[in-house]
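Survey of secondary and tertiary structure
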Amino acid sequence: MRALLVNPWVYDFKAFDFWNKPAGLLIIANLLKKLNIKIDFIDCMDRNSPYYLTKTKTDQWGRGKYEHEVIEKPDIFKNIPRYYKRYGLPRDIFCKVIDSLEIPDLIFITSSMTYWYPGVFEAIRILKDRFPTSKIILGGIYATLCEEHARKYSGADILFAGSVADRQSDFYEILGIQKNELPATEEPMPDYSVYNKLDYASILTSKGCPFSCTYCATKILCPRFQTLSTNSILTQLEKLVNVAKNIAFFDDALLYNENFDQLLTEMIERYFSFNLHASNGLHCRYINESIAEKMLRAGFKTMYLSLETIDPNVQKATGGKVFTNEFMKAVKILYDAGFRSEQLHVYILLGMPGQAHEEIIESIKLCHQLKVHPHLCEFSPIPHTKEFEKTGFTEDTDPLYHNNLFYTWYYPEPKPEVYKEIKNLLSKRIT
Ligand code: SF4
């Protein structure tokens, strides 16, 4: 048996390689290899792709801009005065690469943001045309959150909602493999050996989150908070020594993981020399002196904190994951531990239904006051969340309406003045 694994393009107005790797697809690569199934792997978003080396710059932590091609805007976006782009591997090179491959029996294609589905559909169209007898299995976030849309319109033969790691028996059923033929069960980890060159790897120490923020899909994608074994994570890290200089922890609730402290101790004792990054919004509530000091010693270079807003009513109404005093205390602890201003970053959410822009301005000002770097997270209405219900959208709404830039700045009408004010404030240098 032979399988082709594809991470398709991003279709959007903006995209940046912020330590993004297709974790689910890399886990599939691992599982297939264990079964001695031959695989081909194409990551359209790999900036070090052997098929097309990007000419864009990579920053000191391994991140950078994607190559892109400007493409025609869908009607919904016609009035947005921005270019709509296909980010990643140029389309003609993708076609040439798949032309050179042996016919696979199965094609696994993943998906990410719901509103990036046009890139997924385009890849499926090309793959179906080239490999009409291969079975195409579509999984990932879009396939999970917009299952009906994907079933109706994607062209995939099989829809795989949810996580492969959690639905391993369904996954093996697709392969036509009986339970007694399975290799010994262990936590499936992403297989990074499919990449030619890595500037970074993204890893998880846990899945899911104990909180239920009204705008977040984590509970839908991963209903239960689960920790991964420290030994498996260390084994994964050992494999990445001399392979990737940067490691981004992509956990939704990294500090809630009670094994994280032990992991840090082990990492310090093994003298790993990675640059570590907490990229996914740390819970300020769980930052204490001991963990801050250990994270610094273990090699954390960038720390992204979740604040979202300083409005106490909004904080409470959206799930209470952080309050302003906890945020301020966490920043002080991090400074006291030895982190510097340029290492501390803060996520601020804007564009939620009914959210006042003054609240965003005040949140940014607080960051400036504390000399930490604010980053805007434009709201995307994600199906099945409480905030989605407030938008008036339904499951039948085209997922393009979930586009965060479109929804925040242009829906239902453009907000140029607010945009200008917030962007001006954000561009202020922190000294
Ligand atoms: S704390 Fe973060 S990951 Fe958890 S539900 Fe809230 S936004 Fe999602």
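This one's a predicted model, so the numbers in the text were calculated from it and none came from an experiment.

What counts and what doesn't
Throughout this document, residue positions are counted from 1 along each chain, in the order its sequence is written. Only residues with pLDDT of 70 or above have their local features reported here, since the model is predicted, and side-chain atom pairs are shown and tallied only from 80 upward, although totals for entire chains, interfaces and linings are computed over all residues. For the side-chain quantities, the full set of heavy atoms in the structure was used; hydrogens and water were omitted. UniProt positions are given in the numbering used here, feature names are shortened, and annotations may be inferred rather than shown by experiment. Each helix is a run of DSSP H or I of at least 4 residues and each strand a run of E of at least 2, with the numbering of both proceeding from the N terminus. Paired strands are those between which DSSP finds at least two bridges. Any pair of residues with heavy atoms lying within 4.5 Å of one another is described as a contacting pair. Whenever a helix is involved, its axis is fitted only over the stretch in contact; in every case the axis is a line through C-alpha atoms, and angles between N-to-C directions fall within 0 to 180 degrees. Cysteine sulfur atoms that come within 2.5 Å of each other are treated as a disulfide pair. Remark: exposure states derive from per-residue accessible area (1.4 Å probe, protein chains only) relative to the maximum for the residue type, with buried under 20%, exposed over 50%, and partly exposed in between. Note on definitions. A residue lies near a molecule or strand when any single heavy atom of the residue is within 4 Å of it. Amino acids outside the nonpolar list (Ala, Val, Leu, Ile, Met, Phe, Trp, Tyr, Cys, Pro) and the charged list (Asp, Glu, Lys, Arg) are all regarded as polar, and Gly is one of them. Note that the domain bounds reflect an automated or database-derived domain assignment. Here, a salt bridge means any Lys or Arg side-chain nitrogen found within 4 Å of an Asp or Glu carboxyl oxygen. A 3.5 Å cut-off defines polar contacts: any pair of N or O atoms within that distance qualifies, except that in protein one atom must be a possible hydrogen donor and the other a possible acceptor, and neighbouring residues in sequence count only when both atoms are side-chain atoms. Two aromatic rings from Phe, Tyr or Trp, using only the six-membered ring of Trp, form a pair when their centres are within 6.5 Å; if the ring planes differ by under 30 degrees the pair is stacked, by over 60 it is edge-to-face, and anything between is tilted. Both a distance and an angle decide whether a charge sits over a ring: NZ of Lys or CZ of Arg must be within 6 Å of the ring centre and within 35 degrees of the ring normal. Cavities and pockets were defined on a 1 Å grid built over protein atoms only: a cavity is a set of grid points that admits a 1.4 Å probe from which the probe cannot escape, a pocket is an open set flanked by protein on both sides within 12 Å along at least five of seven lines, and lining residues are those with an atom within 4 Å of any such point. Grid points are joined across faces, edges and corners, and a volume is the space filled by probe spheres set on the points.

With that settled, the discussion passes to the UniProt feature "domain: Radical SAM core" (unreviewed entry) in the chain. UniProt's entry tags residues 193-429 with the feature "domain: Radical SAM core" (unreviewed entry), counted in the numbering of this structure. Regarding residues 193-429, the helix share stands at 39% and the strand share at 18%, and the terminal C-alpha atoms are separated by 40 Å.

Pairing within the open sheet is parallel, and its five strands lie in the order 4-1-8-9-10. Edge positions in the sheet fall to strand 4 (38-43) and strand 10 (158-159), since each has one partner strand and no second. In this structure, strand 1 (residues 2-7) lies alongside strand 4, joined through six bridges in parallel fashion. By the bridge assignment for strand 4, A3 is matched with I39. Across the sheet, helix 1 (residues 23-34) is in contact with strand 1, strand 4 and strand 8 (106-109); its angle to strand 1 comes to roughly 170 degrees. Sitting on the sheet, helix 6 (residues 168-175) touches strand 8, strand 9 (135-138) and strand 10, and the angle it makes with strand 8 is about 145 degrees.

A full pass over the atoms with the stated rule returns zero disulfides. Not part of a disulfide, C146 finds its nearest cysteine sulfur in C216, a span of 15 Å. Look at C146 and you get buried, because its relative accessible area is 9%.

Every residue close to the ligand is listed here: C209, F211, C213, Y215, C216, T218, D252, H283 and K321. Its residues assigned to classes, the shell around the ligand comprises five nonpolar, two polar and two charged.

Next up on the list: the domain arrangement of the chain. If you check the domain split of the chain, you get domain 1 (2-181) and domain 2 (198-426). Distance between the C-alpha centres of domain 1 and domain 2: 25 Å. Across the contact, 35 residues belong to domain 1 and 36 residues belong to domain 2. Put simply, domain 1 and domain 2 have two salt bridges between them. A salt bridge links E378 to K14; the nearest nitrogen and oxygen atoms lie 2.9 Å apart. Put simply, domain 1 and domain 2 have 15 residue pairs in polar contact (both at pLDDT 80 or more) between them.

The next thing to look at is the packing of aromatic side chains. Applying the stated criterion to the full structure yields 34 aromatic pairs. On the basis of an interplanar angle of 50 degrees and a centroid distance of 4.8 Å, the ring pair of F18 and W19 is categorised as tilted. Relative to Y411, the ring of Y401 has its centre 5.9 Å away and its plane inclined at 80 degrees; by these criteria the two rings are edge-to-face. Of this pair, Y401 sits in the loop between helix 14 (386-391) and helix 15 (404-410) while Y411 sits in the loop between helix 15 and helix 16 (416-426), placing them ten residues apart in sequence. Judged by its relative accessible area of 25%, Y401 is partly exposed. Residue class for Y411 comes out partly exposed when judged on its relative accessible area of 25%. An aromatic cluster is present here, built from Y11, F13, F77, Y84, F379, F388, F393, Y401, F406, Y407 and Y411 joined pairwise through their rings. Directly above the aromatic system of W9 lies the positively charged group of R86, at a separation of 5.6 Å from the ring centroid. Residue placement shows R167 over the ring face of F160; its charged tip is 4.2 Å from the ring centre.

Take the layout of surface pockets next. Empty pockets left among the atoms are what a rolling probe the size of a water molecule brings to light. A volume near 350 Å³ is recorded for the second largest pocket. What lines the second largest pocket is a set of 19 residues, and nearest its centre among them are M189, P190, D191, Q236 and K239. When contributions to the lining of the second largest pocket are tallied by element, the ones reaching two or more residues are helix 1 and helix 8 (230-240). Examining the composition of the lining of the second largest pocket, we find that five residues originate from one element, helix 8, more than from any other. Grouping the amino acids of the lining of the second largest pocket by side-chain chemistry returns seven nonpolar, six polar and six charged.

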